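# Commentary on secondary and tertiary structure
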Amino acid sequence: WKHAPATFRALLEITRFHGDKVFVVYEDERITYEEHFRLVATLANRLVDDYGVRAGDRVALAMRNYPEWIVSFSAVLAAGAVAVPLNAWWTEQELEYGLGDSGAKLVIADGERAARMSGIGLPMIVARGEGANWAGVLGEVRADVTLPPVDLHPDDPATIFYTSGTTGRSKGALGSHRNLGQAPMTVAYAMMRTVALAGRDVSSAAGKRRITLLTVPLFHVTGCFAVLMTTMFSGGGLVLMYRWDPKRALELIERERVTILSGVPTNAWQLLSHPDLGAHDISSLGSISYGGAPAPPRLLERITETLPERTPANGYGMTETTALAIYNSGGDYLAKPGSIGRPLAVVDVKICDPSGAELPPGEVGELCVRGPIVISGYWNRPDATAETFVDGWLHTGDLARVDEEGFVYIVDRAKDMVIRGGENVYCAEVEAALFEHPAVDDVAVIGVPDDEMGEQVGAVVRLKPGAEATGEELSGFLRGRIAAFKVPSRFWFREAELPRNPGGKVLKTRLRKETLGL
Ligand code: ATP
Ligand code: MG
């Protein structure tokens, strides 16, 4: 009881006060806060009594963004166990890796993923679709149900989220109840500053209840912490989508009077570029925020052109920081569009050279983050933990600089740099410059092995439908914008979409393989 406020169960009790307000909307289904609490408490009791789930046990979730994902996540934590959200896009082998790595004793899945895992032989609760047993598992959902008694400490493990696997195999990020409890605090702080800067409640243009459209998967921290948890503890509504589709998003914003669009930059870009944009009433939108991947500069321009009254925001975070750590919004963002903003409350940052020594403002080095939202390490990966978490600081693997006012600029990922004849070329900078060309729809810059230079700069480009451009034209366009040594010497044009993970990040290892055969 001494630590009650810091554990998830205490936060869950708060949500019950939102009673009859609608919490989750999925297609025609609506779940109120009271219904959610009853479902969670009922499932938590079943997990303990019928499945023998005990504190510290891992329970995996393998589901699309269904309401049952949210109920299951809360129930696993309320039962004192560790929730292990698996990537719903994973293949059978990848799911098997996640289950084996986490040592899960039970899986809660949807029908499609249950079929993919049928050979694995773990007990399974199937929420919906083929083989669903959800209603039978829950049994009667009583109005007077209470959470099962468990004894938890804030530093007990709560979650294992797998990193996106952009730079290698996904690692299990082990988060505690304390990390989880602090995450909504950083978001609340971000909101307070944004509201103060804007001089009005940005969560809702019309001063209505905050309704958020969830455009990203719940199995990443952006969806789960930055969006779901924030919504849950503020008593807002959350509109789910089976899959991201900009046309459907426009319909849902209109139908549900959505006030916040929150996801990855690609979501906002596709929505605001959609030919049907003008045909929908999206005046309820108060803010458009994104993060988790670099935002192309033209996205902010597009927002200020098409929806000028809305507050744009760009948030930086990692799986290892339990979502948001650094945030740029409203007037700050308009004044410094290239920045990810300043560290949020409870977060410290520093920029380091390779020896770990702190660098002065203006110099580029590795971004390091510290604070109660930073997890203590990776599950089962002592080497990666020792390398990444040094003296209480998380080494992000991102290269950044900080200006005199404390605004952070991401330069690139340390692993996403081309070294051309000893000169560092940051892929993100070249990509941002190419995005400014009107014919370019999507682009990724990669290093191409070269005998003389070590590496050459290469660009893989997807043009807009009907648009035309040659490599010569694009390099001419770039020459006025970036230094000559950064201009790609090779261009590949492709019609297919670039391979991206659900977080919207280009999978460069796969792209290099597809493009160069390496
Ligand atoms: P892995 O660690 O498995 O290689 P990943 O780092 O892509 O994958 P995530 O934890 O989902 O996995 O992503 C965190 C990374 O996303 C950060 O290290 C950073 O490179 C990038 N990122 C997040 N937010 C932003 C942002 N607002 N702007 C630019 N980059 C961002
Ligand atoms: Mg990472």
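As the structure is a prediction and not an experimental result, all values here were calculated from the model.

## As for helix H8 (residues 221–234)
- Of all the bends in H8, the greatest, near 30°, is centred on Leu228.
- Burial analysis of H8 places 11 of its 14 residues in the buried class, the great majority of the element.
- Downstream of H8 by a residue or two, Gly235 has a phi angle that is positive, lying close to 75°.

## Points about the domain arrangement of the chain
- The domain boundaries assigned to the chain delineate domain 1 (4–18 + 32–153), domain 2 (177–413) and domain 3 (419–516).
- Computed from C-alpha atoms alone, the centre-to-centre distance between domain 2 and domain 3 is 26 Å.
- With 15 residues of domain 2 at the contact, the number on the domain 3 side is 13 residues.
- Counting each side, the surface lost to burial between domain 2 and domain 3 is near 1100 Å², with a carbon and sulfur contribution of 59%.
- Counting the surface domain 2 buries against domain 3, the share from its top three residues, Arg298, Val411 and Asp412, is 36%.
- Linking domain 2 with domain 3 are zero salt bridges.
- Our enumeration of links across domain 2 and domain 3 arrives at five residue pairs in polar contact (both at pLDDT 80 or more).

## A short note on the sheet that holds strand S25 (residues 454–463)
- As summarised here, the arrangement of the three strands in space is S24-S25-S26, forming an open sheet in which the pairing is mixed. The sheet terminates laterally at strand S24 (440–450) and strand S26 (490–493), the two strands that pair on one side only. When the angles between neighbouring strand axes are averaged without regard to direction, this sheet yields 25°.
- Taken together, the 10 bridges between S24 and S25 define a ladder with antiparallel strand orientation. In the sheet register, Val448 faces S25, and the bridge partner there is Gln456.
- Against the sheet, helix H14 (residues 427–435) engages S24, S25 and S26, with an angle of about 145° to S24.

## Some words on the packing of helix H3 (residues 67–78) against H8
- Taken N-terminus to C-terminus, the directions of H3 and H8 make an angle of 85°; their axes are 13 Å apart at the nearest point. The pairing of H3 with H8 is recorded here as roughly perpendicular in orientation. Taking contact as the criterion, the partners of Trp69, Ile70, Phe73 and Ser74 in H3 are, on H8, Cys224, Leu228, Met229 and Met232.
- Residue classes in the contact of H3 with H8 are distributed as seven nonpolar, one polar and no charged.

## With respect to the nonpolar core
- Leu43, Phe73 and Ile108 are the most contacted members of the largest nonpolar core, which totals 59 residues.
- When residues of this core are assigned to domains, at least three map to each of domain 1 (4–18 + 32–153) and domain 2 (177–413).
- One finds Ala190, Leu324, Leu359 and Tyr378 within the second-largest nonpolar core, a separate group that totals 27 residues.

Reading guide: rules and limits
- As a convention, each chain's residues are numbered from 1 in the sequence order in which they are written.
- Each chain is given a letter, starting from A, and each ligand a number, starting from 1, according to the order in which they appear as written.
- With the structure being a predicted model, the display of local features is reserved for residues of pLDDT at least 70 and the display and counting of side-chain atom pairs for 80 or more, all residues being used for whole-chain, interface and lining totals.
- Values reported for side chains reflect all heavy atoms of the structure, with hydrogen atoms and water molecules removed beforehand.
- Throughout, the bend at a residue refers to the angle made by two axes, fitted to the seven residues ending there and to the seven starting there.
- Secondary structure elements are taken from DSSP: a helix is a run of H or I of four residues or more, a strand is a run of E of two residues or more, and numbering for both begins at the N terminus.
- Note on exposure labels: buried denotes an accessible area under 20% of the residue type's maximum, exposed denotes more than 50%, and partly exposed covers the range between, all computed with a 1.4 Å probe on protein chains only.
- The source of the domain bounds is an automatic or database domain assignment.
- When checking whether two residues touch, look at their non-hydrogen atoms; a contact exists if any pair is within 4.5 Å.
- Summed over both partners, the accessible surface that disappears when two parts come together, traced with a 1.4 Å probe, is what is meant by buried area.
- Only one rule defines a salt bridge in this text: a Lys or Arg side-chain nitrogen within 4 Å of an Asp or Glu carboxyl oxygen.
- Under this definition, polar contacts are N or O atom pairs within 3.5 Å; protein pairs additionally need one hydrogen-donor-capable and one acceptor-capable atom, and for neighbouring residues in sequence, both atoms have to be side-chain atoms.
- At least two bridges found by DSSP between two strands is the condition for calling them paired.
- Fitted lines through C-alpha atoms give the axes, limited to the stretch in contact for helices. The angle between two N-to-C directions lies from 0 to 180 degrees.
- Each angle gets one of four labels, with under 35 degrees taken as roughly parallel, over 145 as roughly antiparallel, 65 to 115 as roughly perpendicular, and the rest as oblique.
- Amino acids outside the nonpolar list (Ala, Val, Leu, Ile, Met, Phe, Trp, Tyr, Cys, Pro) and the charged list (Asp, Glu, Lys, Arg) are all regarded as polar, and Gly is one of them.
- Among the buried residues, those of types Ala, Val, Leu, Ile, Met, Phe, Trp, Tyr and Cys that are joined through side-chain atoms within 4.5 Å form a nonpolar core.

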